[in-house]
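Given next are the chains, with one letter for each unit.
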Amino acid sequence: AISLTIGTTYTCTIGAGGIGASSQGTNGGNSILSGSGITTITAIGGGAGGGNSVAAQDGGCGGGGGAPHNNNHGPGDGTSGQGYPGGSGHDGTTYHTLAGGGGGGWGEGHGSGQVANNIVGDTGGGTGGRGFSSLITGSPVYYAGGGAGGGDQANTGWKTVPGGRGGGGDGYGGSANSNEHDERNGVNGLGGGGGGGDETYSVYTNGGSGVIVLRVTKFSGVVTGSPKITHLGGGVSVIEFTGTGTY
(Lines give C-alpha, C1' and ligand atoms only; values in the text may rest on other atoms or scores of the structure.)
Protein backbone atom coordinates (compact mmCIF):
# COMPACT_ATOMS: atom_id res chain seq x y z
CA ALA A 1 0.00 0.00 0.00
CA ILE A 2 1.06 3.58 -0.59
CA SER A 3 -0.04 6.75 1.17
CA LEU A 4 -1.83 9.44 -0.86
CA THR A 5 -1.95 13.00 0.41
CA ILE A 6 -5.17 15.02 0.40
CA GLY A 7 -4.76 18.04 -1.87
CA THR A 8 -2.19 16.36 -4.12
CA THR A 9 -3.19 15.39 -7.66
CA TYR A 10 -2.38 11.87 -8.82
CA THR A 11 -2.46 10.92 -12.49
CA CYS A 12 -3.66 7.52 -13.67
CA THR A 13 -2.55 6.72 -17.22
CA ILE A 14 -4.23 3.63 -18.65
CA GLY A 15 -2.46 1.47 -21.21
CA ALA A 16 -4.30 0.32 -24.31
CA GLY A 17 -4.55 -3.35 -25.15
CA GLY A 18 -2.12 -4.77 -27.68
CA ILE A 19 -3.29 -4.99 -31.29
CA GLY A 20 -3.31 -8.26 -33.21
CA ALA A 21 -1.86 -8.36 -36.71
CA SER A 22 -0.91 -10.67 -39.56
CA SER A 23 2.77 -10.17 -38.83
CA GLN A 24 3.94 -8.88 -35.43
CA GLY A 25 1.22 -7.68 -33.08
CA THR A 26 1.94 -4.92 -30.58
CA ASN A 27 2.54 -5.22 -26.87
CA GLY A 28 -0.03 -3.76 -24.52
CA GLY A 29 0.56 -0.23 -23.27
CA ASN A 30 1.87 0.53 -19.79
CA SER A 31 -0.50 1.73 -17.05
CA ILE A 32 1.11 4.33 -14.78
CA LEU A 33 0.24 5.93 -11.44
CA SER A 34 2.22 9.10 -10.76
CA GLY A 35 2.09 12.16 -8.56
CA SER A 36 4.02 14.31 -6.11
CA GLY A 37 5.40 12.49 -3.08
CA ILE A 38 5.06 8.93 -4.42
CA THR A 39 7.30 6.71 -6.46
CA THR A 40 5.80 6.32 -9.93
CA ILE A 41 4.28 2.86 -10.35
CA THR A 42 4.34 1.32 -13.81
CA ALA A 43 2.45 -1.83 -14.75
CA ILE A 44 4.09 -3.03 -17.95
CA GLY A 45 1.81 -4.06 -20.81
CA GLY A 46 1.62 -7.70 -21.81
CA GLY A 47 3.82 -9.14 -24.54
CA ALA A 48 2.43 -9.89 -28.00
CA GLY A 49 1.98 -13.52 -28.93
CA GLY A 50 4.07 -15.25 -31.57
CA GLY A 51 2.94 -16.18 -35.03
CA ASN A 52 3.95 -18.20 -38.05
CA SER A 53 7.06 -16.14 -38.68
CA VAL A 54 7.43 -13.88 -35.64
CA ALA A 55 8.59 -14.45 -32.10
CA ALA A 56 6.52 -13.95 -28.96
CA GLN A 57 7.40 -10.77 -27.09
CA ASP A 58 8.40 -10.10 -23.50
CA GLY A 59 6.18 -7.87 -21.36
CA GLY A 60 4.58 -7.53 -17.96
CA CYS A 61 3.21 -10.97 -18.78
CA GLY A 62 4.85 -12.87 -21.63
CA GLY A 63 3.21 -13.60 -24.96
CA GLY A 64 2.45 -17.18 -25.93
CA GLY A 65 4.77 -18.88 -28.40
CA GLY A 66 3.65 -19.17 -32.01
CA ALA A 67 3.22 -22.20 -34.23
CA PRO A 68 5.65 -21.72 -37.09
CA HIS A 69 7.17 -24.13 -39.58
CA ASN A 70 10.55 -23.41 -37.97
CA ASN A 71 12.05 -23.23 -34.50
CA ASN A 72 10.69 -19.82 -33.51
CA HIS A 73 8.01 -21.03 -31.10
CA GLY A 74 9.37 -20.07 -27.68
CA PRO A 75 7.27 -17.88 -25.35
CA GLY A 76 7.86 -14.33 -24.20
CA ASP A 77 9.07 -13.71 -20.67
CA GLY A 78 7.14 -11.88 -17.96
CA THR A 79 8.53 -9.14 -15.73
CA SER A 80 9.59 -10.09 -12.21
CA GLY A 81 6.94 -9.04 -9.70
CA GLN A 82 4.37 -8.37 -12.42
CA GLY A 83 3.66 -11.45 -14.49
CA TYR A 84 4.66 -14.84 -15.79
CA PRO A 85 5.90 -16.18 -19.12
CA GLY A 86 3.72 -17.55 -21.86
CA GLY A 87 3.68 -21.18 -22.93
CA SER A 88 5.62 -22.56 -25.87
CA GLY A 89 3.90 -23.22 -29.14
CA HIS A 90 4.16 -26.54 -30.90
CA ASP A 91 6.22 -26.64 -34.04
CA GLY A 92 5.30 -28.80 -37.00
CA THR A 93 6.14 -29.42 -40.61
CA THR A 94 2.62 -30.07 -41.87
CA TYR A 95 -0.85 -28.69 -41.26
CA HIS A 96 -2.71 -30.04 -38.23
CA THR A 97 0.48 -30.28 -36.16
CA LEU A 98 0.76 -26.62 -35.18
CA ALA A 99 -0.56 -24.72 -32.16
CA GLY A 100 0.25 -21.61 -30.14
CA GLY A 101 1.05 -21.51 -26.45
CA GLY A 102 -1.13 -19.61 -23.99
CA GLY A 103 -0.19 -16.10 -22.89
CA GLY A 104 1.16 -15.55 -19.40
CA GLY A 105 -0.96 -14.15 -16.59
CA TRP A 106 -0.34 -12.46 -13.25
CA GLY A 107 -1.61 -15.20 -10.94
CA GLU A 108 0.69 -16.71 -8.33
CA GLY A 109 1.30 -20.39 -9.01
CA HIS A 110 -0.93 -20.57 -12.12
CA GLY A 111 0.18 -17.54 -14.10
CA SER A 112 2.32 -19.20 -16.74
CA GLY A 113 0.62 -19.85 -20.07
CA GLN A 114 0.25 -23.53 -20.91
CA VAL A 115 2.27 -25.28 -23.58
CA ALA A 116 0.34 -26.33 -26.66
CA ASN A 117 -0.54 -30.01 -26.75
CA ASN A 118 0.88 -32.30 -29.41
CA ILE A 119 -1.59 -34.74 -30.87
CA VAL A 120 -1.08 -35.14 -34.60
CA GLY A 121 -4.22 -34.07 -36.41
CA ASP A 122 -5.72 -32.54 -33.27
CA THR A 123 -3.18 -30.06 -31.94
CA GLY A 124 -4.67 -27.73 -29.33
CA GLY A 125 -3.48 -24.32 -28.20
CA GLY A 126 -2.36 -23.80 -24.62
CA THR A 127 -4.71 -22.27 -22.08
CA GLY A 128 -3.97 -18.75 -20.87
CA GLY A 129 -2.30 -18.15 -17.52
CA ARG A 130 -4.52 -17.27 -14.57
CA GLY A 131 -4.74 -13.64 -13.50
CA PHE A 132 -4.21 -12.08 -10.09
CA SER A 133 -7.09 -12.11 -7.60
CA SER A 134 -7.66 -8.96 -5.55
CA LEU A 135 -10.21 -7.75 -2.99
CA ILE A 136 -9.39 -4.07 -3.48
CA THR A 137 -12.88 -3.30 -4.81
CA GLY A 138 -14.56 -5.07 -1.88
CA SER A 139 -15.25 -8.21 -3.91
CA PRO A 140 -12.85 -10.70 -5.48
CA VAL A 141 -11.80 -9.69 -9.00
CA TYR A 142 -9.20 -11.32 -11.24
CA TYR A 143 -6.94 -9.11 -13.33
CA ALA A 144 -4.47 -9.72 -16.17
CA GLY A 145 -5.36 -13.21 -17.34
CA GLY A 146 -3.45 -14.55 -20.35
CA GLY A 147 -5.06 -15.17 -23.72
CA ALA A 148 -5.24 -18.78 -24.92
CA GLY A 149 -3.32 -20.06 -27.92
CA GLY A 150 -4.90 -21.15 -31.17
CA GLY A 151 -4.52 -24.60 -32.69
CA ASP A 152 -5.64 -26.85 -35.48
CA GLN A 153 -8.41 -29.26 -34.46
CA ALA A 154 -8.76 -30.98 -37.83
CA ASN A 155 -10.06 -34.27 -36.45
CA THR A 156 -12.62 -32.85 -34.06
CA GLY A 157 -13.87 -29.68 -35.76
CA TRP A 158 -13.68 -26.29 -34.07
CA LYS A 159 -12.80 -26.11 -30.42
CA THR A 160 -12.53 -23.24 -27.98
CA VAL A 161 -9.49 -23.08 -25.69
CA PRO A 162 -10.12 -21.13 -22.46
CA GLY A 163 -8.33 -17.91 -21.67
CA GLY A 164 -6.91 -17.27 -18.23
CA ARG A 165 -9.24 -16.09 -15.48
CA GLY A 166 -8.94 -12.33 -15.33
CA GLY A 167 -10.10 -11.22 -18.76
CA GLY A 168 -7.97 -13.52 -20.94
CA GLY A 169 -9.55 -14.13 -24.34
CA ASP A 170 -10.40 -17.65 -25.51
CA GLY A 171 -8.33 -19.19 -28.27
CA TYR A 172 -9.69 -21.13 -31.20
CA GLY A 173 -8.78 -24.41 -32.85
CA GLY A 174 -10.11 -24.46 -36.38
CA SER A 175 -11.21 -27.24 -38.64
CA ALA A 176 -9.50 -27.56 -42.00
CA ASN A 177 -12.92 -27.52 -43.65
CA SER A 178 -14.49 -24.66 -41.71
CA ASN A 179 -14.00 -20.92 -41.43
CA GLU A 180 -15.87 -20.65 -38.14
CA HIS A 181 -14.17 -18.48 -35.55
CA ASP A 182 -14.51 -18.11 -31.81
CA GLU A 183 -11.37 -16.20 -30.89
CA ARG A 184 -12.01 -13.57 -28.26
CA ASN A 185 -10.43 -10.25 -27.42
CA GLY A 186 -9.10 -9.69 -23.94
CA VAL A 187 -11.47 -7.85 -21.61
CA ASN A 188 -11.01 -4.09 -21.39
CA GLY A 189 -10.54 -2.81 -17.88
CA LEU A 190 -9.02 -6.10 -16.72
CA GLY A 191 -5.89 -6.19 -18.85
CA GLY A 192 -6.57 -9.64 -20.27
CA GLY A 193 -4.70 -11.02 -23.28
CA GLY A 194 -6.37 -11.73 -26.62
CA GLY A 195 -6.95 -15.32 -27.73
CA GLY A 196 -5.15 -16.92 -30.67
CA GLY A 197 -6.76 -18.14 -33.87
CA ASP A 198 -6.23 -21.21 -36.02
CA GLU A 199 -3.42 -21.50 -38.54
CA THR A 200 -5.52 -21.19 -41.69
CA TYR A 201 -7.70 -18.08 -41.38
CA SER A 202 -6.53 -14.53 -40.84
CA VAL A 203 -8.44 -13.46 -37.74
CA TYR A 204 -6.61 -11.40 -35.12
CA THR A 205 -7.62 -10.46 -31.60
CA ASN A 206 -6.64 -7.61 -29.34
CA GLY A 207 -5.66 -7.48 -25.70
CA GLY A 208 -7.78 -5.71 -23.11
CA SER A 209 -6.92 -2.27 -21.81
CA GLY A 210 -5.59 -1.80 -18.30
CA VAL A 211 -7.05 -0.46 -15.07
CA ILE A 212 -5.85 1.41 -12.00
CA VAL A 213 -7.81 1.00 -8.79
CA LEU A 214 -7.38 3.33 -5.83
CA ARG A 215 -8.89 2.50 -2.42
CA VAL A 216 -8.92 5.58 -0.23
CA THR A 217 -10.32 7.00 2.97
CA LYS A 218 -11.56 10.59 3.15
CA PHE A 219 -12.52 10.69 -0.54
CA SER A 220 -11.92 14.22 -1.84
CA GLY A 221 -14.60 14.07 -4.52
CA VAL A 222 -12.30 15.69 -7.07
CA VAL A 223 -11.66 13.45 -10.09
CA THR A 224 -11.27 13.72 -13.85
CA GLY A 225 -11.65 11.10 -16.51
CA SER A 226 -14.98 9.54 -15.41
CA PRO A 227 -13.73 6.73 -13.16
CA LYS A 228 -16.16 4.37 -11.46
CA ILE A 229 -16.56 5.39 -7.81
CA THR A 230 -17.90 3.02 -5.17
CA HIS A 231 -18.40 3.94 -1.51
CA LEU A 232 -17.94 0.86 0.66
CA GLY A 233 -18.86 2.42 3.97
CA GLY A 234 -16.74 3.31 6.94
CA GLY A 235 -15.27 6.20 5.01
CA VAL A 236 -13.69 3.87 2.42
CA SER A 237 -14.10 4.58 -1.30
CA VAL A 238 -12.86 2.75 -4.39
CA ILE A 239 -11.95 4.65 -7.56
CA GLU A 240 -11.54 2.54 -10.71
CA PHE A 241 -9.85 4.19 -13.68
CA THR A 242 -10.35 2.36 -16.98
CA GLY A 243 -9.40 5.49 -18.89
CA THR A 244 -6.79 8.11 -18.15
CA GLY A 245 -7.75 10.58 -15.41
CA THR A 246 -6.72 12.17 -12.13
CA TYR A 247 -7.62 12.06 -8.47
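Presented here is a report on the structure given in the accompanying data block. (Residues numbered from 1 in each chain as written. Predicted model: local features only at pLDDT ≥ 70, side-chain atom pairs only at ≥ 80, totals over all residues. Heavy atoms only, no water.)

1. A closer look at the overall build of the protein chain
Scanning the protein chain for helices and strands turns up zero helices and 12 strands. Starting at the N terminus and ending at the C terminus, the protein chain contains elements arranged as β-β-β-β-β-β-β-β-β-β-β-β. Expressed as a percentage of its 247 residues, the buried residues of the protein chain come to 44%. Taking the contacts inside the protein chain whose residues are at least 6 apart along the sequence as the reference set, 43% of them involve residues at least 24 apart. Summing over all exposed atoms, the protein chain offers an accessible surface of approximately 11200 Å²; the carbon and sulfur share of this is 49%. (Helix = DSSP H or I, 4+ residues; strand = E, 2+ residues; numbered from the N terminus. Buried < 20%, exposed > 50% of the residue type's maximum accessible area, 1.4 Å probe, protein only. Contact = heavy atoms within 4.5 Å. Areas by Shrake-Rupley, 256 points an atom, 1.4 Å probe, with all protein chains shown as cover.)

2. As for the sheet that holds strand β1 (residues 10-13)
Taken in spatial order, the four strands of this open sheet run β3-β2-β1-β12, and their pairing is antiparallel. Only two strands of the sheet have a single neighbouring strand rather than two, namely β3 (41-43) and β12 (245-246). Sheet analysis places β1 next to strand β2 (residues 31-35), joined by four bridges and oriented antiparallel. Across the sheet, the residue bridging to T11 is S34, located in β2. (Pairing = 2+ DSSP bridges.)

3. A word on the nonpolar core
Judged by nonpolar contacts, Y10, C12, I14, L33, I38, I212, L214, V216, I239, F241 and Y247 together constitute the single largest core of 11 residues. At the level of elements, β1, β9 (212-217) and β11 (236-241) are the ones that each hand at least two residues to this core. Residues contacting I239, with those up to four places away along its chain left out, are I212, V213, L214, V216, F219, P227, K228, I229 and Y247. Of all hydrophobic cores here, the second largest spans five residues; its members include Y143, A144, V213 and V238. (Core = buried A, V, L, I, M, F, W, Y, C linked by side-chain atoms within 4.5 Å.)

4. A word on the sheet that holds β9
Strands belonging to one sheet form pairs held by backbone hydrogen bonds; the direction of such a pair is parallel or antiparallel. The strand order β9-β11-β10 describes an open sheet built from three strands, whose pairing is antiparallel. Strands with a single pairing partner mark the edges of an open sheet, and in this sheet they are β9 and β10 (228-233). Averaged over neighbouring strand pairs, the angle between their axes works out to 20° when direction is ignored. Inspection of the sheet shows β10 paired to β11 by five bridges, in the antiparallel sense. Note that in β11 the partner of K228 across the bridge is E240. (Axes fitted to C-alpha atoms, helices over the stretch in contact; angles between N-to-C directions.)

5. Details of the environment of V141
In this structure, V141 sits in strand β5 (residues 141-143). Expressed as a C-alpha distance, the spacing of V141 and G131, which sit 10 residues apart in the sequence, is 9.3 Å. Leave out the neighbours within four places in its chain, and V141 touches F132, S133, S134 and L190.

6. Section: the pairing of β1
Of the two faces of β1, only the one carrying Y10 and C12 is buried; T11 and T13 on the other face are not. As paired strands, β1 and β12 are joined by two bridges and run antiparallel to one another. Counted as the bridge partner of T11 is T246 from β12.

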